[in-house]
Structures are given as structure tokens and as C-alpha cells.
Amino acid sequence: MHIVSRFLKSACILLSCTLLLAGSLHAAIQQPDRFFFMGSGALHLKNLRNNREAQVNLLNKDGSFNEEAFNKVDWVFDFPTKEKGEHISPRLLFMLSYFVDRLAPGKVVNIESAYRSPEYNQRIRDNGNNVARTSTHQDGIALDFWLPKVSGKRLWNTIKAKNCGGIGHYGGKVVHLDAGKPRFWEAATSGTRAKEPDYNRHLYLSTEFDRYRPKEKVKLSFSGLSDFDFGVHPVIQIFRADNLANPVTGIRLNHVDENDCLRIGDRKAARSLTTLMPAYLSPGKYVIKMEFCEKPFEQMPSEAVSNPIELIQ
């Protein structure tokens, strides 16, 4: 009887451990690291313009995104979540977390400038401030900030070395960080006061995440736009990241007929394009190329190539 009891007890323990392990593996499979530069997700944010402050952890215990935390971040950034239909860029926040973890873990991220509406951006530009007309602050993918006891030059150099986004330094302790095209500048090379038309020459195409699985929805967004009322071809091309000469496949944007030229009439439309990752691609790194149609001026680029993404199983 004791032998049977011990056997049943051992079997129950083994089953419990198996289920626990299976649950952990399931969570790991379901929630990969979404970004190449992804910190702990723990941030203490303080907006010095509106005096809003919050301590958040962007990740739940299973690795999924913490929706409540993102809502708090939007509040600190003064970002109109419902109007935009999205949050402040997760890519931006996890990049920020990555560098805070390394340079000032647990310290307050002091924000000098967060989200800017296009109207507000133009007002401060008209007042002579060092602000670009195509500022990525308008897209919710940028902030100007400083960290306690970390010089602006050190912060700038540390981020610049990773080549993972836009990093600017105008002197002092404050730096600009954005989740747009990898680039860097200082005050003398910023070009923010340029007066010639932009013609959308600085637009950037980015995916919501860096890592995807087959059949997963991919959200695509344009940032750095100076003008709207242009079109994109509904069929987009996928290339291997190390071979931009030969497309691997073509896929169609969701909810668009393949013969249409999809009109991009405003900022929200520019940030709400979606498609599905093909099921038949092998794991590896890829980029997405999108071509334009019905361009408002000939100087506008004819195509845009996204950031590299990684397809995983």
C-alpha cells in the first residue's frame, strides 16, 4: 500500500513538474524577445514639461506586453492614444530601457520633450527652436532626455555605437533618441533649419517589431514625412537582408485590392499598414520594400526599404 502511495505521489510530482515546464516552454515560445535591443522593460519616467511621472514595467511575467504600463507611458508622454489608435513606440521604449539598464539602472529618465502634435511642432519651430519640420516626435517614436550623472556626450556615444536608431546631441546633458532610421548628428550637422522643401526625402519605413513568426500580422509605418496624399503599391516585396537585388517573394497589404494604389492621406493612414508574414519563408533576416505610386512630386523617393527583421519558428 505504501509502495502504491509513494508511486502515486511521485507520479503527481512528475506530472506537475512536466506541466510547469510545458507552461514555461509555451510562454517562451509564445513570447520571444520582440526587439534586437530590448532592455528589462523597467522604466522610471518623469516628463519635465507636464510634471507627470510613472514607474512601469513594460513586460508581464510571461514576457507579453503590459498594456496598463503602456497606457501610463502614453499619459507621461501626453500621447493621444485613442486618437492615434496606437501607443508610444514600443521599439523606442525598449531601446530606452536597454541603454538605461546599462548606464543608469533604476535612475529617473528625465524627459525634456516627448510627443509633439504637428501643430505644436510647427509653433516651436516658428519660434526659432532647433526643430525639424519632419520631427519624429510627431510620430510618437522620439524623446529628448537626460540621465542623472551621465554626460550627454557619453550617452550619445554609447547609443551611437549600437547604430539602432536616431541619436542627436546639441550640447549639454540632453540627447534626442528616436526609433527611426539609424543615424546620428550634433548641433552643427542636424540640418533642422533647412529651408528647402523636403519632398518626403527623409521618410522611413519601419515594422512594429524586429522578430516575427510565420503567418503573424506585420504592422508597417512611415515616419519622417513632410507631405501626404501619395500612394503605395499594394504588393510589397521581401528580400533577404544580405541580398537586396533579388526579392524572395511578394505579398499583399491587407484589405487592399492588388490593382489599387493605396492612398496615404494623413499621418494615421501612414502608420496603419498591415500584411501577413508568409508561412513558407525559412528562418533568417529579411527586409521589406514598398514602392510608391501617385507621388505628389518627382523628387520623392520611388521606394522605401524597412529595417531588418528576423523570422523565427
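Throughout, a residue's number is its position along its own chain's written sequence, starting from 1. With the structure being a predicted model, the display of local features is reserved for residues of pLDDT at least 70 and the display and counting of side-chain atom pairs for 80 or more, all residues being used for whole-chain, interface and lining totals. With hydrogens and water excluded, all non-hydrogen atoms of the structure serve as input to the side-chain values.

(A) Spatial organisation of the confidence of the model for the protein chain. Confidence of the predictor in every single residue is expressed as pLDDT, which spans 0 to 100. Overall, the predicted model of the protein chain reaches an average pLDDT of 90, with 88% of residues at or above 70. Here a residue-residue contact requires only that any non-hydrogen atoms of the pair lie within 4.5 Å. Low pLDDT, under 50, characterises residues 11-30; the stretch is placed with four contacts to residues that sit more than four places away or in other chains.

(B) Main features of the layout of surface pockets. Here a cavity means grid points, on a 1 Å grid over the protein atoms only, where a 1.4 Å probe fits yet cannot get out; a pocket means an open set of points with protein on both sides within 12 Å along at least five of seven lines; lining residues are those with an atom within 4 Å of a point. Grid points are joined across faces, edges and corners, and a volume is the space filled by probe spheres set on the points. Approximately 310 Å³ is the volume attributed to the second largest pocket. Surrounding the second largest pocket, 18 residues form its lining, Glu86, Ser89, Pro90, Glu208 and Lys219 being those nearest its centre. Here a strand is any run of E in DSSP of at least two residues, a helix any run of H or I of at least four, and the numbering for each starts at the N terminus. Among the secondary structure elements, those contributing two or more residues to the lining of the second largest pocket are α2 (67-77), α4 (90-103), β8 (204-207) and β10 (217-223). Among the elements that line the lining of the second largest pocket, the one with the most residues is β10, at three residues. The classification used treats Ala, Val, Leu, Ile, Met, Phe, Trp, Tyr, Cys and Pro as nonpolar, Asp, Glu, Lys and Arg as charged, and all other residues, Gly among them, as polar. Taken together, the residues of the lining of the second largest pocket sort by class into five nonpolar, seven polar and six charged.

(C) Focus on the pairing of β8. Burial here depends on accessible area, computed with a 1.4 Å probe over protein chains only, as a share of the maximum for the residue type. Under 20% is buried, over 50% is exposed, and the range in between is partly exposed. Side-chain alternation along β8 places Tyr204 and Ser206 on one buried face and Leu205 and Thr207 on a second face that is also buried. The criterion for strand pairing is that DSSP finds at least two bridges linking the strands in question. Sheet analysis places β8 next to β10, joined by four bridges and oriented antiparallel. If you follow leucine 205 over to β10, its bridge partner there is phenylalanine 222.

(D) Focus on the sheet that holds β10. Taken in spatial order, the three strands of this open sheet run β8-β10-β15, and their pairing is antiparallel. Edge positions in the sheet fall to β8 and β15 (273-276), since each of these pairs with one other strand and no more. When the angles between neighbouring strand axes are averaged without regard to direction, this sheet yields 30°. Looking at chain direction, β10 and β15 are connected through four bridges and run antiparallel. Looking across to β15, one finds that lysine 219 is bridged to threonine 274. Structural elements are reduced to axes, namely lines fitted to C-alpha atoms, with helices fitted over the stretch in contact, and the angle between N-to-C directions of any two is expressed from 0 to 180 degrees.

(E) Region of interest: the pattern of salt bridges. Any Lys or Arg side-chain nitrogen located within 4 Å of an Asp or Glu carboxyl oxygen qualifies as a salt bridge. Enumeration according to the criterion identifies 13 salt bridges in this entry. The shortest N-O distance in the salt bridge between lysine 289 and glutamate 303 comes to 3.6 Å. Of the two residues, lysine 289 is situated in strand β16 (residues 284-293) and glutamate 303 in strand β17 (residues 303-305); the sequence distance between them amounts to 14 residues. Relative accessible area serves as the criterion here: at 14%, lysine 289 is assigned to the buried category. Judged by relative accessible area, glutamate 303 falls into the partly exposed class, the value being 33%. The network of salt bridges with common partners includes Glu86, Lys219 and Arg271.

(F) Representation of the sheet that holds strand β3 (residues 108-113) within the structure. The seven strands are arranged β2-β1-β3-β4-β6-β5-β7 in an open sheet whose pairing can be described as mixed. For this open sheet the edge positions go to β2 (52-57) and β7 (183-186), each flanked by a neighbour on one side alone. With direction set aside, neighbouring strand axes in the sheet form an average angle of 25°. Bridge analysis of strand β1 (residues 42-47) against β3 gives four bridges, and the strand direction is parallel.

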